[in-house]
Each structure stands twice: as structure tokens, then as C-alpha cells.
Amino acid sequence: MSLRIVVCVKYVPDATGDRHFADDLTVDREDVDGLLSELDEYAVEQALQIAENADDAEVTVLTVGPEDAKDALRKALSMGADKAVHVEDDDLHGTDAIGTSLVLAKAVEKTGYDLVVCGMASTDGTMGVLPALLSERLGVPQVTLLSEVSVEGGKVTGRRDGDTATEQLQAALPAVVSVTDQSGEARYPSFKGIMAAKKKPVQSLGLEDLGIDADEVGLEGSWTKVDAAAERPARTAGTIVKDEGEGAKRLAEFLAGQKFV
């Protein structure tokens, strides 16, 4: 039986762009270019490596987002994923992590899975809670923040590196895992892969297809909300300390004055 791997990816605003909030205090995605979250590229890479080491495996990439989110799916498909699922619905606007986990869980169940692979966090929200929420909704084990992962004999095994210790973790499939940016550099799509991605299937789903009511998601259905936001203060000119024999002393005084030491 084929090993069914689903990779959850996110289409995020380019971190190098001028990002800001829209009037409803959601992230303004209209005035900035978007791309596949860099941290999710590691998840795609590990899913592809697992598939390459399996006798028979299929990798599906899944995203929730607007029409432009298909660009993230195409990037993952060009890396080598087999097919994609795109959940798009106007009522999803403003959905928080808890609502997104509901949508992803329903989509994963509809797609069919043995292993769900996620990045350690998105590069826009950087919450890092979605893998745990997803495993809870699916009712399967979670093995998160792995720097090394493999699948064999119906089990997923991985290494989690902490500040003071390294853990070896294992769980029976089906399971949810997340991988860190230390898991291995993601491959670049080849020209052949880019051309092949254009012919790979992308399934589109809406809330109705997943059996989700609109009031369970979106801004009104969110458990978390942004109450206020302010622009980051403009960067001011720094203080230049000229060394005329007492440079070290003046530097120490400056650091002490700023309570850095």
C-alpha cells in the first residue's frame, strides 16, 4: 500500500517587502509579493526524501489561502511533490491558527494520509502551534521540531535537538511531524521540475466541500484577534564613538547608560 504523505505549506508575504496591516488589522497581502514560506520548504524536502526511500509513496502538498496561494503549491510541485490541494474560500479571510487547523484537518482527512509533515512555524505568524493543533484534531500522535526524520515499518522516527539535550522520538503512523530549519537544505526546482509542475493536478476545495460552517472560521470565528497595531518607529541615526585614547571607556559608559551591561 502506498505511503500517503501530506505536506502543509503556507503562502506568506515576502519578509523583505514592506509588510503592514490592512484596515481590519489582518496582514495586508495585496501590496506585497508572496511566496512559499521558507520554513515550509524544509518540510517539503523531508517529505520528498521519505518518499524517495519508500517502496511506494505519494506526496501531496496542501495549503489554505487566496488564489495567489497556488504559487506556493507550484513551487512545492516543482520541487517534486506529486499533487496539490488548495482550500480557497472568501469566508476564510482573517482565520486564526485554531480555525486554520480545523480547515487543514478536514482537508487532510478528505485527501487521505499516513503522515502529515509541517514546517516548524510560518514566517509571517511565527506561532509554531499548528502541528500540535492539527494532531489533536486528527487524533494522532505528534512528533515535532525534528532535525532528522525517517519512516520505516509503519513508524516515524526523529531526532529533536534542544539546548541541553537531544531526544530520539518515535510514533506509530498515522502521525503529524514538524521539522526545523536544521533538517537539511531544501532542493532547488530544476527546469524539468518546473515544467512538470504545470501538468500536475491541483484540487480546489471550499468550506462546503469540507463540511465547515462559515461562522467557524474567518475573523468572526477566530479565537484570537489583533486589537491594535502601530508602525515600527523609523530607525534613528546611531551614536558614533571616536577612539581618541578613551574609546573603550566611552563605549562602556554608553552601554551602561543604555542598561546593556
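Here's what I pulled together on the structure shown here. Nothing here was measured: the structure is a model prediction, and the numbers come from that model.

Brief notes about the pattern of salt bridges
So, point 1. The final tally for this structure, using the stated rule, is ten salt bridges.
So, point 2. The closest approach of N and O atoms between glutamate 41 and lysine 75, which form a salt bridge, is 3.1 Å. Here lysine 75 lies in helix α2 (residues 70–79) and glutamate 41 lies in helix α1 (residues 38–52), a separation of 34 residues in the sequence.
So, point 3. Judged by relative accessible area, which is 18%, glutamate 41 ranks as buried.
So, point 4. Sharing partners across several salt bridges, the network here consists of Glu45, Glu52 and Arg187.

Focus on the nonpolar core
Grouped burial of nonpolar side chains is what soluble globular proteins tend to show.
So, point 1. In this structure, Ile5, Val7, Val44, Val59, Val61, Val117 and Val156 are the most contacted members of the largest nonpolar core, which totals 38 residues.
So, point 2. Among the elements of the structure, β1 (3–8), α1, β4 (57–64), α2, β6 (115–119), β7 (142–146), β10 (166–172) and β11 (175–179) are those that each provide at least two residues to this core.
So, point 3. The element contributing the most residues to this core is α1, with eight residues.
So, point 4. Those residues within four positions of valine 59 in sequence are excluded, and the remaining contacts are Ile5, Val7, Ala47, Leu48, Ala51, Ala81, Asp82 and Lys83.
So, point 5. Ranked by size, the runner-up nonpolar core spans 24 residues in total, among them Cys8, Val85, Tyr113 and Val140.

Here's the deal with the side chain of histidine 86
So, point 1. Structurally, the position occupied by histidine 86 is in strand β5 (residues 83–87).
So, point 2. A distance of 2.8 Å separates a polar side-chain atom of histidine 86 from the backbone oxygen of glycine 65.
So, point 3. Not counting chain neighbours up to four residues away, the residues in contact with histidine 86 comprise Thr63, Gly65, Pro66, Glu67, Ala69, Lys70, Leu73, Val202, Gln203, Ser204 and Leu205.

Thoughts on unusual backbone geometry
So, point 1. Along the chain, leucine 173 connects to proline 174 via a cis peptide bond; the corresponding omega equals 0°.
So, point 2. The residue proline 174 is located in the loop between β10 and β11 in this model.
So, point 3. Here threonine 126, not a glycine, exhibits a phi torsion of approximately 50°, which is positive.
So, point 4. The residue threonine 126 is located in the loop between β6 and α4 (130–138) in this model.

Here is what the cut-offs are and how they apply
Residues numbered from 1 in each chain as written. Predicted model: local features only at pLDDT ≥ 70, side-chain atom pairs only at ≥ 80, totals over all residues. Heavy atoms only, no water. Salt bridge = Lys/Arg side-chain N within 4 Å of Asp/Glu carboxyl O. Helix = DSSP H or I, 4+ residues; strand = E, 2+ residues; numbered from the N terminus. Buried < 20%, exposed > 50% of the residue type's maximum accessible area, 1.4 Å probe, protein only. Core = buried A, V, L, I, M, F, W, Y, C linked by side-chain atoms within 4.5 Å. Contact = heavy atoms within 4.5 Å. Polar contact = N/O pair within 3.5 Å; in protein donor to acceptor, adjacent residues only side chain to side chain.

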